[in-house]
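Chain and residue survey
Take a look at the letters that make up each chain.
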Amino acid sequence: MSADAVPAPSASEPLMRVEHVVKHFPIRTNSLVGRGGPQLRAVDDVTLEITPGETLGLVGETGCGKSTLARCMTRLYDLTGGKVIFDGQDISELSRRQLRPVRREIQMIFQDPYGSLNPRRRVGSIIGDAFAIHGIDSKKGNKRSVQDLMELVGLNPEHYNRFPAEFSGGQRQRIGVARALALKPKMIVCDEPVSALDVSIQAQVINLLKDLQAEFGLTYVFISHDLSVVRHVSDRIAVMYLGKIIETSDSARTFDTSRHPYTRALLSALPPADPDAADRRERIVLSGDPPSPLNPPTGCRFHPRCPKATDKCVTDVPVEAPAFDDPPEHPVACWHPMTRAESLNDFTPEISDTIVGLDPVALETALGATPTDEGTS
Amino acid sequence: MALLEVDDVRVSFNTDDGVVHAVRGVSFEVERGKTLGIVGESGSGKSVCTQTITGLTRGAHIEGTAMFDGMDLLQASEQQLRAIRGRKIGMIFQDPLTSLHPAYSVGWQIIEMIRAHDRKTSKAKAKARAVELLGLVGIPYAKDRVDDYPHQFSGGMRQRVMIAMAVALNPALLIADEPTTALDVTVQAQVLRVMRKVQEEFGTAIILITHDLGVIAEMADEVVVMYAGQVMERASRRELFYRHHHPYTEGLLNSLPKHEGPITRLTPIAGTPPSLISPPRGCPFAPRCPYVFSRCVEETPPLEPVFGTTSHTSACFLSSYEEERRQNREELHARQAAAASEGAA
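Rules used in this analysis
- Residues numbered from 1 in each chain as written.
- Chains lettered and ligands numbered in written order.
- Predicted model: local features only at pLDDT ≥ 70, side-chain atom pairs only at ≥ 80, totals over all residues.
- Helix = DSSP H or I, 4+ residues; strand = E, 2+ residues; numbered from the N terminus.
- Buried ≥ 20, exposed ≤ 12 C-beta atoms within 10 Å, placed from the backbone.
- Contact = placed C-beta atoms within 7 Å.
- Pairing = 2+ DSSP bridges.
- Domains from an automatic or database assignment.
- Nonpolar A, V, L, I, M, F, W, Y, C, P; charged D, E, K, R; others polar.
- pLDDT = per-residue confidence, 0-100.
- Axes fitted to C-alpha atoms, helices over the stretch in contact; angles between N-to-C directions.
- Expected span 1.5 Å × (residues − 1).

Let us look at the overall build of chain A. Helix and strand counts for chain A come out as 13 helices and twelve strands. The burial tally for chain A puts 43% of its 377 residues in the buried class. Taking contacts inside chain A between residues at least 6 apart in sequence as the whole, the part at least 24 apart equals 65%.

Now the structure itself:
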């Protein structure tokens, strides 16, 4: 975190800065106890910068906190800790009313084109809502503006009066895009925008998003679990694991010089649609499943599944910093970053028996006990 | 003789909106010990087709034959099917949570499955087998976990339990319907590995239904491409990816973002799949096909061998000679380039 705490002197001021953002959800064990109970640590101390006009890809597996982070960025969630600074303004403490002008600037596109559109309202009014809520326009006529938007995203403007059910999945996602564009935002957070679509339709929506970015200079945060889609759209990629960002770099580096064992494993798990590449690639099959964010592992959160894990990984949280002679834009949170030539299959974890198997609470007490022992002796 | 021979299967459903022709004349064979991949988009009929074979599409209007082990599954009685399902044909589905009973331990469900087909197996013996199977599919501490309930397992683990159950009686055929779609990639890799291991160990034939061409490239020996209830192309894995004939296959592969190499603009397939209530006359892909010509909208192209092979078939009127097919492509690209420059001017 030290590497990111000091904002890098970059040519352009970042559009959004996410600083040490934390989002915990209380787990209700019984009806009245909300606070003080167990906490689900969905996002745990995330720091990121997003420069204007770029696409930042956010990848990770189910439950790693990527959607929660997206909702913290757009302030759909209140933060448990940390700051979100958008266009020089700290938006993390703003009230709903104060947020309204910010909402014009940051829009969101959701995964489920079925669940995110009200089935009982006509498309025209779904898209036109933005104008009504923000009290804009009317002179040119909302209908006209909405139809322009529909045309822009490749929908037939004559379908203004139709219901969402009359559209296919891909068309519905276009409605979602039109709604997000209505207020001419600076930034759009796309949360798995193409995951629910068939490949041929997925390509249409990806091309649309790229065209709109070129036309309006939009900044995207693009969340997906599909690495080849992320590679296609992103300038930079941040990899998340269990509430933390473990590696950030430009998109090309992620694919050929990734340093974190998890990034490597994630890349190798993706089956390429090419038999030769499938046969020749190195398969790293991780053991186990991602652990629960309710009770994340100590130290590096990836250590229970990591072939390179050592005692240090169990006890110490890795610091995000460039590995070897990597550029400062490529920080990785790992005690044992990988060289290009290394293969994860050549490693086996070296964790001593005294440390392995301890649950975090027991470990904390065990570690906490050491200084007092010294004190008494 | 192939293990399963599906011939001209047609399935339709009566719905409030009209008759849906979900499968419209599908034929394929599955060889013993091999993996047949069926790939297609939502609504292409790939799941309905295999569900029909196993007698799971009640109330549908069904035609055709599906010969399995000398018996036509489409004519079989419910009782005969019961004896086959589980024992000779194992099945895994997309969602492992809804496929397992939440109120019984996974061990109980595997034992039940074994004993339903063979009452002579003692409970103790069946339980020992259940533990053995869970170990085989890579559930750690299988002996302790056999009495756990489905909710105590993660998604990937549940899918392994499903595989354990499906192969419990050593079936000759395993039908896997989108087995990894609900799973994360790292877990998907684990599950695919288990399926390969099972196939090596027992010589099980697998029908793998998926929309993911990456999974196909990794797992399939033979591939069937389905669209709008029909088979568009059938080829071996390498033929399909490197020497495809059908414009739909070509379109699918071109829509995918590349895994490596320079990033170029994606070329999606224009339009959307046709309605199966009133499917268009002629080739179902004609309305979206860049190569379309008049004959395509009048007649339905039959599935015929291409490129001088017998194993590679395609339902398309374009030339079946490789050289001419390449010319088709080049002409199309030239036409598209001309149209693009005209549009820009």
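Time to look at the pairing of strand E2 (residues 18–30) of chain B. Residues and elements named next belong to chain B. Of the pairings in the sheet, the one linking strand E1 (residues 4–15) to E2 comprises ten bridges and is antiparallel in character. Pairing of Thr15 across the sheet is with Gly18, part of E2. Here E1 folds back onto E2, and the loop between the two strands holds two residues.

Buried accessible area, meaning the area lost when the parts come together, often serves as the stated size of an interface. Opposite the 37 residues of chain B that make contact, chain A presents 32 residues. For the side of chain B that touches chain A, the element with the highest residue contribution is helix H8 (residues 185–202) of chain B, accounting for seven residues.

The next thing to look at is the domain arrangement of chain B. Residues and elements named next belong to chain B. Domain boundaries in chain B define domain 1 (4–213) and domain 2 (226–344). The gap between the C-alpha centroids of domain 1 and domain 2 is 31 Å. Listed by partner, the interface residues are 20 residues for domain 1 and 14 residues for domain 2. Looking at the side of domain 1 that touches domain 2, its residues break down into eight nonpolar, eight polar and four charged.

Residue and element names in this part refer to chain A. The buried fraction of helix H2 (residues 66–73) is high, at seven of eight residues. Along H2, the residues that are buried comprise Lys66, Ser67, Thr68, Leu69, Ala70, Cys72 and Met73. Positive phi appears at Arg75, one or two residues downstream of H2, with a value of about 60 degrees.

Turning our eyes to something else, we now look at the confidence of the model for chain B. With 100% of its residues at a pLDDT of 70 or more, chain B shows a mean pLDDT of 91. Reported confidences for the modelled complex are a pTM of 0.86 and an ipTM of 0.84.

As a further point, take the environment of Met240 of chain A. Residue and element names in this part refer to chain A. Position of Met240 among the secondary structure elements: in strand E9 (residues 236–241). Judged by the 23 C-beta atoms lying within 10 Å of it, Met240 is buried. Sequence-wise, Met240 and Arg174 are 66 residues apart; in three dimensions their C-alpha atoms are separated by 28 Å. Residues contacting Met240, with those up to four places away along its chain left out, are Leu58, Gly60, Cys64, Gly65, Lys66, Ile245 and Ile246.

According to the domain assignment, chain A consists of domain 1 (2–234) and domain 2 (272–377). Mapped by element, the contributors of at least two residues to the side of domain 1 of chain A that touches domain 2 of chain A are helix H1 (2–5) and strand E2 (39–50) of chain A.

On to the sheet that holds strand E10 (residues 230–236) of chain B. Residues and elements named next belong to chain B. Strand order in the open sheet formed by eight strands is E6-E7-E8-E3-E9-E10-E12-E11, and the pairing between neighbours is mixed. Bordering the open sheet on either side are strand E6 (89–92) and strand E11 (304–305), each of which pairs with just one other strand. Both strand E3 (residues 35–39) and strand E8 (residues 205–210) contribute to a ladder of five bridges, which runs parallel. Across the sheet, Ile38 pairs through a bridge with Ile209, a residue of E8. Together, E3, strand E7 (173–177), E8 and strand E9 (222–227) form the strand contacts of helix H1 (residues 46–53), whose direction differs from that of E8 by roughly 145 degrees.

This next bit is on unusual backbone geometry. Residues and elements named next belong to chain A. Residue His20 is not a glycine yet carries a positive backbone phi of 45 degrees. Secondary-structure assignment places His20 in strand E1 (residues 16–26). Although it is not a glycine, Asp87 adopts a positive phi angle of roughly 55 degrees. Mapped onto the elements, Asp87 comes out in the loop between strand E4 (81–86) and strand E5 (89–90).

Here we come to the sheet that holds E5 of chain A. Residue and element names in this part refer to chain A. Taken in spatial order, the four strands of this open sheet run E2-E1-E4-E5, and their pairing is antiparallel. On the outer flanks of this sheet lie E2 and E5, each paired with one strand and no other. Bridge analysis of E4 against E5 gives two bridges, and the strand direction is antiparallel. Note on E5: the bridge partner recorded for Phe86 is Gln89.

Turning to helix H13 (residues 322–344) of chain B, a few remarks are in order. With 23 residues, H13 of chain B should reach 33 Å at 1.5 Å per residue; the first-to-last C-alpha distance of 33 Å fits that figure. Little of H13 of chain B is tucked away, with one of its 23 residues classed as buried.

Once that is clear, we can look at the pairing of strand E6 (residues 106–109) of chain A. Residues and elements named next belong to chain A. Burial of E6 is two-sided: the residues Ile106 and Met108 facing one way and the residues Gln107 and Ile109 facing the other way are all buried. Two strands pair when backbone bridges link them, and E6 and strand E7 (residues 187–191) are joined in this way by four bridges, in the parallel orientation. The residue bridging Ile109 from the neighbouring strand is Cys190, located in E7.

Structurally, Gln188 of chain B can be placed in helix H8. Residue Gln188 of chain B is classed as buried on the basis of its 23 C-beta neighbours within 10 Å. On a C-alpha basis, the gap between Gln188 of chain B and Val26 of chain B in space is 29 Å, while along the polypeptide they are 162 residues apart. Discounting residues that sit within four places of it in the chain, Gln188 of chain B has contacts with Ala269 of chain A together with Thr180 and Leu183 of chain B.

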